[in-house]
Amino acid sequence: MTATIATEAKRAPGPRAGRRGPGLHPWVRFGLRRLGGLLLSFAVLTIVTFLIVPLIPGDPAAVAAGDGASAAQIDRMRQELGLEQPLLIQFVDYFRGIITLDLGTSFISGEEVSHVIFSRFPFTAQIALLAIVLVLVIAVPAGMGVAILTRGGRLPWLDHGFNVVTGFIYAVPQYVMGTLLVVVFAVTLGWFPAAGAATLDSLVLPTAGLMFGPACVIARVVRRETAVVLDKDYVRTARGWRLGAARTHLRYVLPNLITTTLTLSGLILAAQLGGAVVIETVFAWPGLGQGIVNAILQRDYPVIRGIILVLGLLATLIIILVDVVLAVLDPRNLGGGSHDA
Amino acid sequence: MMPSPLTRRFWSPTMTAGVLILAALVLTALFAPPLLRADADTLTGDAALGPGPGHWLGTDDFGRDVLARALTATRLTLAMTAGAAGISVFAGTAIGLAIWLSTQRVREAALRLLETAVAYPSLIFALVIAAILEPSPTSAVLAIGISGIPSFARITANLASSVSHSDYVVTARLLGVSPLRIALRHMLPNMAEPLLILSATVFALALVEISALSFIGLGVQSPDYDFGRLLNDSLDSLYTQPLTTVGPSAMIVLTGLSIMLVGDAMAAHADPRGQRRRAVRKPERNQTVAAPAGDTALVRVENLRISLPGGPELVKGVSFGIEPGEVVALVGESGSGKSLTAMCVAGLPSDELDVRADTLRIGDMNLLARPNRSRLAQDVGIIYQDPGSTFNPSLRLGGQLTEVLRTHLKMGRRQARRRMAEALASVEITQPQQRLRQHPHELSGGMRQRAMIAASMATKPKLLIADEPTTALDVTVQAEVLRQFRRIHRHEGTAMLFISHDLAVVEELCDTVLVMRHGQIVERLTAAQLRQREVTHPYTRSLLAAIPALDLAPATVGAGTIFQEGTQ
């Protein structure tokens, strides 16, 4: 009885479905909602990055000018940051700068902030994207495979081994993994460069350092989700049709893993941005992470604001991208923002 | 009902290992600084020594003992981590409860806001805070602590809303206990276990992130040092002293691992579902078995026993046969073993079950072995209980319903679809072509069940197994599904194994009725005996007594039609 009620409820249109123009095509409504989300995130990020300077404890100008700055230097800094203006005017100026892609110039190098970002962004994108692709390529088959092989309590050693290995690797943070990889493969074996981004093989170690942890987490998620899906009635139906292992798992198990896996992976992949920021320190990798760390240490506020804005927008884009992929794969996801399996 | 936590072992090996390592780390944090400070901080002339008896991990470029520094750093690292995790946990719990206590509107807005915030990497928040405050241990603790609040608050709020529906909270509210008091006295204690497990995760994350901030130079500043700072320092002497990386790396991993072990053990303790039994079933060799002379039965089951490994026997020696064209019903209450029996006959026992039998065959296919897949798929049609879950939600119906035709009869896509459309029409499904293009959730339950029947009959099977095919359906829909079984029985002459807990349903459909209870067949009846109520076993009598009196059919139109269906 409850099952019937549940399916009825699923078929009924959601409470919010009819609110925004019933005539709109679901894809249009989906697009509008994601666009709204993007604009909102942009607004929040603009406000947050703006507030970094006014929120500095004490006199922001004095802090920005650095220790031992003269009164004249502090005054010049105050003018440069526009701090003598009322807060609202400061914000309007900041906002106008952002939409005209004029993010100011670095206090230290005098370089335009947008230029700093454009020159550093590809390096971070390279390792983050490469790591993401490798993580999914490794983790999804591994998780599914282990779940299928250990189904119903078979191969207990594999079950145990998988848990121990993934748990242990996950306990090694990305920057520790990166450091250890350098010690082994660059310093001791000399196979790959330890630092810099001069040659193609210098990509190997940073990417490897980034991918192991997330690969383990996602493999565990996939494995758990696969175990759940394997117990579903429709998998039994496929077994009842004697479709064979390959067809059953590819058509009846995999598609039903995707939603949960991608939703969780999306979060983990957005977190990859943070991982990339940290791991760049290990490899002196000239990406956004190295840029923001230097900027914070040198109190280079225009650069700080610019890079944080970009990192935030990148995370937003990843989240939206995952939503779009989910909706393309399964149009039932068009409806809401959150997904249940 | 929650299983009593006391019945399960608290000190699992995982928990013991985690707690032991953690205790060692806490002792190190307490005693390493006073005991090892001299070795760790004094500049000596023994610079850049390799590992040796005096310095197990060697010395750094300033002649300081690497191991002593790593151990000494434990105190600052653990203190900072505890501070950050404390901020996340306390502020997160408070905000989460506050969200639950606020009005519907505020709650929804706050939850949506938190959901968005959680999607962002917490390191970005941490960078913002580190940029506002100057890099220092305090700013690192604040940065990591604050950036951990949203996820903790969100989970607290969600937990609170699920706990708030429990009886004692509802009762307390009816008694007029103030919401704040309910939250603190009634809800918090009941959320303690999941929150504690989550706190372990938060602690482990805080450790990694604080060390990350120190590592990139935004946390602890020289001459102070924590694990992250030490690791960063070791990068400078990577080529001369690669071993200096080992101390801080090992300490970070060890600390994180111990917390994870404790957290995992607590989670496993709280969630007994994680433990699975295992069955080792060796299939027999012979794919086919010959029926003994004189045995004309299509299905033969002899002494079928099903048990959970190490557990009780669920089916205790069941034997029966089904002649070609015969309709056999297995009737009994839930838990009587009838569905288990049916699924074994279908060759689909659950993985964890241990299945034994003297004979278990359909035709000459030996179900104790691995019979030919293709023959089995074509000869045996299976209808399941809940049409809401028997179809793959992510595939269109056309692809699923034609699976057997395409996989085993090697039909082309178009031919299979045409055949399936005809089959759907025969079970009174309108616009069959269009239905094939729909997803399962777009059809009603009754329609899905009829579609399943159509798919099962498309290969003209010799045996149809129906496991409570009408139980999950509304009463009005049951009739239309039952009508299909009667049609198949009359026109196709397919043998059936029909499972039901309802004698009224099977009475007029079946030739033979087997009554099961506690894993055994307690009575075998012919349809005539059942109709005459010639039953001997008291359990069968009580099942009969449970049938609503047919002659007292109420006058409502809906119910009237069913009973007409059932009695004609």
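Residues numbered from 1 in each chain as written. Chains lettered and ligands numbered in written order. Predicted model: local features only at pLDDT ≥ 70, side-chain atom pairs only at ≥ 80, totals over all residues. Heavy atoms only, no water.

> Honestly, the overall build of chain B in this entry has me stumped. Any pointers?
Scanning chain B from N- to C-terminus turns up 22 helices and eleven strands. Here the C-alpha radius of gyration of chain B, 34 Å, is well above what a compact globule of 568 residues would show, namely 24 Å. With the principal axes as the frame, chain B shows a C-alpha extent of 100 × 65 × 50 Å. Within the span of chain B, comprising 568 residues, buried residues form 52% of the whole. When contacts within chain B are restricted to residue pairs at least 6 apart in sequence, long-range pairs at least 24 apart make up 69% of them. (Helix = DSSP H or I, 4+ residues; strand = E, 2+ residues; numbered from the N terminus. Rg over C-alpha atoms; globule rule 2.2 N^0.38 Å. Buried < 20%, exposed > 50% of the residue type's maximum accessible area, 1.4 Å probe, protein only. Contact = heavy atoms within 4.5 Å.)

> Honestly, the packing of helix H8 (residues 179–215) of chain B against helix H9 (residues 227–236) of chain B in this entry has me stumped. Any pointers?
Each pair of packed helices gets described by two things: the angle between the helix axes and the distance between those axes. Residue and element names in this part refer to chain B. Put simply, H8 and H9 touch, their axes get as near as 7 Å, and they point 40° apart. If you check the angle between H8 and H9, you find them oblique. Crossing angle aside, the handedness with which H8 passes H9 is right-handed. Between H8, through Ser 211, Ser 214 and Phe 215, and H9, the contact on the second element is made entirely by Phe 227, Gly 228, Arg 229, Leu 231, Asn 232 and Leu 235. Tallied by class, the residues present in the contact of H8 with H9 amount to four nonpolar, four polar and one charged. (Axes fitted to C-alpha atoms, helices over the stretch in contact; angles between N-to-C directions. Parallel < 35°, antiparallel > 145°, perpendicular 65-115°, else oblique. Left-handed = near helix turned anticlockwise from the far one by under 90°. Nonpolar A, V, L, I, M, F, W, Y, C, P; charged D, E, K, R; others polar.)

> Just to check I follow, could you spell out the sheet that holds strand S10 (residues 512–517) of chain B for this structure?
Through backbone hydrogen bonds, the strands of a sheet pair up, either in parallel or in antiparallel fashion. Residues and elements named next belong to chain B. A sheet is described by the order of its strands in space; here six strands give the open sequence S7-S8-S9-S3-S10-S11, paired in mixed fashion. Single-partner strands in this sheet number two, and they are strand S7 (380–383) and strand S11 (520–526). With strand direction ignored, the average angle separating the axes of adjacent strands in the sheet is 15°. Lying over the sheet, helix H18 (residues 475–491) contacts strand S3 (327–331), S7, strand S8 (463–467) and strand S9 (495–500), oriented at roughly 155° with respect to S9. (Pairing = 2+ DSSP bridges.)

> Help me understand the pairing of strand S5 (residues 359–362) of chain B in this model?
All names here are of chain B. Of the strand pairs in this sheet, strand S1 (residues 299–307) and S5 are connected by four bridges, and their pairing is antiparallel. Within the sheet, the bridge partner assigned to Glu 302 lies in S5 and is Thr 359. Pairing geometry for S5 and strand S6 (residues 365–366), over two bridges, is antiparallel. What sits directly across from Ile 362, in S6, is Met 365. Taken together, S5 and the strand that follows it, S6, pair antiparallel across an intervening segment of two residues, in which Gly 363 is found at a positive phi of about 60°.

> Sorry, what's going on with the interface of chain A and chain B here?
Interfaces are often sized by the accessible area lost when the parts come together. Every contact between the two is made by 75 residues of chain A and, on the other side, 77 residues of chain B. Looking only at chain A, the three residues that lose the most surface to chain B are Tyr 175, Trp 241 and Arg 242 of chain A, adding up to 13% of its buried area. Where chain A touches chain B, the interface holds three salt bridges. For Glu 134 of chain B, the salt bridge is made with Arg 299 of chain A, and the minimal N-O distance between the two is 2.6 Å. At the boundary of chain A with chain B, the tally comes to 20 residue pairs in polar contact (both at pLDDT 80 or more). For the side of chain A that touches chain B, the elements supplying multiple residues, two or more each, are helix H1 (2–11), helix H2 (26–51), helix H7 (156–170), helix H8 (174–188), helix H10 (233–240), helix H11 (245–283), helix H12 (288–297) and helix H13 (301–329) of chain A. Here the side of chain A that touches chain B gets 14 residues from one element, more than from any other, and that element is H11 of chain A. (Buried area = accessible area lost by both parts, 1.4 Å probe. Salt bridge = Lys/Arg side-chain N within 4 Å of Asp/Glu carboxyl O. Polar contact = N/O pair within 3.5 Å; in protein donor to acceptor, adjacent residues only side chain to side chain.)

> Looking at this model, I keep getting lost on the nonpolar core. Mind explaining?
Side chains of nonpolar character tend, in soluble globular proteins, to be buried together. Membership of the largest hydrophobic core comes to 140 residues, with the highest contact counts inside it found for Tyr 175, Ile 292, Tyr 301 and Ile 304 of chain A together with Leu 127 of chain B. With 16 residues, the top contributor of residues to this core is H8 of chain B. When residues no more than four places from it in sequence are discounted, the contact partners of Tyr 301 of chain A are Ile 52, Val 53, Ile 56, Val 63, Ala 64, Leu 81 and Phe 107 of chain A together with Ala 131 of chain B. Within the second largest apolar cluster, 91 residues are counted, among which are Leu 243 of chain A together with Leu 360, Val 427 and Ile 499 of chain B. (Core = buried A, V, L, I, M, F, W, Y, C linked by side-chain atoms within 4.5 Å.)

> Would you take a moment to explain a nonpolar patch on the surface for this structure?
A cluster of nonpolar residues, Leu 130, Val 133, Leu 134, Val 137 and Ile 138 of chain A, forms a patch on the protein surface that exposes about 400 Å² of accessible area. Structurally, Val 137 of chain A is set in helix H6 (residues 113–149). (Patch = residues over 30% accessible without salt bridge, like charges linked within 9 Å, V, L, I, M, F, W, Y side chains within 5 Å. Areas by Shrake-Rupley, 256 points an atom, 1.4 Å probe, with all protein chains shown as cover.)

> Looking at this structure, I do not really get the pairing of S1 of chain B. What am I missing?
Remark: a regular strand shows side chains that alternate across the two faces of the sheet. Residue and element names in this part refer to chain B. Pairing between S1 and strand S2 (residues 313–322): seven bridges, direction antiparallel. Note on S2: the bridge partner recorded for Ile 306 is Val 315. Direction of pairing for S1 relative to strand S4 (residues 354–356): antiparallel, over a ladder of three bridges. Along S4, the bridge assignment pairs Ser 307 with Asp 354.

> Hey, could you run me through the pattern of salt bridges in this one?
Side chains carrying opposite charge are able to pair once their charged atoms draw close together. This model, assessed by the stated rule, comprises 22 salt bridges over all chains. Among the ionic pairs, Glu 468 of chain B bridges to Lys 338 of chain B, the shortest N-O distance being 3.1 Å. One end of the pair, Glu 468 of chain B, is in the loop between S8 and H18; the other, Lys 338 of chain B, is in helix H11 (residues 338–345), and 130 residues separate them in sequence. The same class applies to Glu 468 of chain B as to Lys 338 of chain B, namely buried. Bridged by salt links that share partners, the residues Arg 247 and Arg 251 of chain A together with Glu 403 and Arg 406 of chain B form one connected network.

> Looking at this structure, how should I read the packing of aromatic side chains?
Given two aromatic rings, their pairing is described by the distance between the two centres and the angle made by the two planes. Across all of its chains, the model carries ten aromatic pairs over all chains by this definition. Sitting over the ring of Tyr 225 of chain B, Arg 69 of chain B keeps its end group 4.2 Å from the ring centre. (Phe/Tyr/Trp six-rings, centres within 6.5 Å; stacked < 30°, edge-to-face > 60°. Lys NZ or Arg CZ within 6 Å of the ring centre and 35° of its normal.)

> Sorry if this is basic, but what is going on with the side chain of Ser 249 of chain B here?
Note on placement: Ser 249 of chain B falls in helix H10 (residues 246–270). Taking relative accessible area as the criterion, Ser 249 of chain B reaches 3% and is therefore assigned buried. When near neighbours in sequence (up to four residues on either side) are disregarded, Ser 249 of chain B contacts Val 176 and Leu 180 of chain A together with Leu 231 of chain B.

> Is there a simple way to explain the packing of H2 of chain A against helix H5 (residues 87–99) of chain A in this structure?
Residues and elements named next belong to chain A. Where H2 contacts H5, the two axes come as close as 10 Å, and the packing angle between them is 125°. Between H2 and H5, the crossing angle belongs to the class labelled oblique. Considering only the axes of H2 and H5, their crossing is right-handed. Residues Phe 42, Thr 46, Ile 47, Thr 49 and Phe 50 of H2 lie in contact with H5, whose contacting residues are Leu 87, Gln 90, Phe 91, Tyr 94, Phe 95, Ile 98 and Ile 99.

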